[in-house]
Number of protein chains: 2
Amino acid sequence: MAISMEMQALEVSKSCIVARLRKLNREVSAIYEDCFRPFGLTVAQFNLLISIGAHGEASPSRLAKVLSLEKSTVSRNIEKMHAHKWVEVIPQGDKRVHTLALSDIGEKLVEEVLPAWRIAQQKTEKTYGPLTDLLNKVTFV
Amino acid sequence: MAISMEMQALEVSKSCIVARLRKLNREVSAIYEDCFRPFGLTVAQFNLLISIGAHGEASPSRLAKVLSLEKSTVSRNIEKMHAHKWVEVIPQGDKRVHTLALSDIGEKLVEEVLPAWRIAQQKTEKTYGPLTDLLNKVTFV
DNA sequence: GCAATTTTGTTGTATATACACTTATTTTAT
DNA sequence: ATAAAATAAGTGTATATACAACAAAATTGC
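Rules used throughout
- Residues numbered from 1 in each chain as written.
- Chains lettered and ligands numbered in written order.
- Predicted model: local features only at pLDDT ≥ 70, side-chain atom pairs only at ≥ 80, totals over all residues.
- Heavy atoms only, no water.
- Helix = DSSP H or I, 4+ residues; strand = E, 2+ residues; numbered from the N terminus.
- Rg over C-alpha atoms; globule rule 2.2 N^0.38 Å.
- Buried < 20%, exposed > 50% of the residue type's maximum accessible area, 1.4 Å probe, protein only.
- Least-squares fit on C-alpha atoms with pLDDT ≥ 70 in both.
- Contact = heavy atoms within 4.5 Å.
- Near = heavy atom within 4 Å.
- Polar contact = N/O pair within 3.5 Å; in protein donor to acceptor, adjacent residues only side chain to side chain.
- Nonpolar A, V, L, I, M, F, W, Y, C, P; charged D, E, K, R; others polar.
- Buried area = accessible area lost by both parts, 1.4 Å probe.
- Salt bridge = Lys/Arg side-chain N within 4 Å of Asp/Glu carboxyl O.

Draft legend 1. Geometry of the overall build of chain A. Along the backbone of chain A there are seven helices and two strands. Start at the N end of chain A and walk to the C end: the helices and strands fall as α-α-α-α-α-β-β-α-α. A compact globule built from 141 residues would reach a C-alpha radius of gyration of about 14 Å, whereas chain A, at 19 Å, exceeds it by more than 25%. Taken along its principal axes, the extent of the C-alpha atoms in chain A is 65 × 35 × 25 Å. Here chain A holds 141 residues, and 48% of them are scored as buried.

Now the structure itself:
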């Protein structure tokens, strides 16, 4: 005889990787969103700022690749950041391409927000333990 | 003297928990979305179906709590699932509340999609190793 | 050298999500 | 018993995200 739907669903819900990962993602993202909110900055924007900062200069497609984002997502998020004048657009020889770099304002914003980021990091590790080990397989740049 | 922005950003990008977690979340979610797409089912919908199934019957606010979702998010996602007739709405004595249960169609859908889910689980573990340990702290129900 | 393919970025559209606010109902305190 | 507080669900609005389709430019193969 088949197991009952309820038992089966319970088993699935306990072992489902994507369900747990997404829940963890929502909870952890909320911690960082709260810390960044006073700066008018979102987590997605922070991640892009840092990635651009780490590259010095990077094209949207490069950012999409290293962050596993759709190019259209990068496009639209950068749009807002450009409107805030946090990033500069640098034309290239290849006329399809342009690169992005932090503006002075963008660099200042990063410096300003880093203490809040450190608090979020601490809060997260305190709540969830060392996620870092698990996440070490997720590389950037 | 201050470290250069580039070095600092690189350091942050390497140690930032939320950045890595979100990237992992996007990548893993994409695996499951691909597996569920042939069934016209999204990951968010699958997670709700399974959670409802595991509860037998659950209110939106209960689902929001156990999945760490905003009630408004649950509301809107359930709306579509109800339109598909995957879930039934069960009125309660407390007139503010209602509960949700899987319909026959919903149960059939879960049964149908489980093989695809197992493939996604395997694919994910093969690519990322045993995330399960890390995610064991993320509990449901 | 040029047609076919690939690459880059953008736009249209849809889902997932959160926050602030609203409405209806229930519970609580006095 | 009733006014005040709390709870449940839904709406308005905004961001994050993906996929499909597009246009422009570059690369490739012959």
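Draft legend 2. Molecular detail of the relation of the copies chain B and chain A. Once chain B has been moved 0.0 Å along the axis and rotated by 180 degrees, it coincides with chain A to within an RMSD of 0.0 Å. Classification of the inter-copy transformation places it as that of a two-fold axis.

Draft legend 3. Region of interest: the side chain of B:N25. Along the chain, B:N25 turns up in helix α2 (residues 17-36). Excluding residues that lie within four positions of it along the chain, B:N25 makes contacts with A:L21, A:R22 and A:N25.

Draft legend 4. Here's a closer look at the protein's contact with DNA strand C. Neighbouring residues of DNA strand C: 28 residues in total, closest A:S75, A:R76, A:R96, B:T42 and B:S72. When atoms of DNA strand C within 4 Å of the protein are split into backbone and base, the sugar-phosphate part holds 62%. A distance of 3.4 Å separates a phosphate oxygen of DNA strand C from a polar side-chain atom of A:R37. For DNA strand C, a base oxygen lies 2.6 Å from a polar atom in the side chain of A:R96. Those elements that provide at least two residues to the surface near DNA strand C are α2 (17-36), α4 (60-67) and α5 (71-83) of chain A together with α5 (71-83) of chain B. The biggest single contributor to the surface near DNA strand C is α5(B), with six residues. When the residues that make up the surface near DNA strand C are grouped by side-chain class, the tally is four nonpolar, eleven polar and 13 charged.

Draft legend 5. Spatial organisation of the interface of chain B and chain A. With 57 residues of chain B at the contact, the number on the chain A side is 57 residues. Together, the buried faces of chain B and chain A total about 5,500 Å²; carbon and sulfur atoms form 67% of this surface. Of all residues in chain B, B:M5, B:I17 and B:R20 give up the largest surface area on contact with chain A, accounting jointly for 13% of the area buried on that side. Here chain B is connected to chain A by zero salt bridges.

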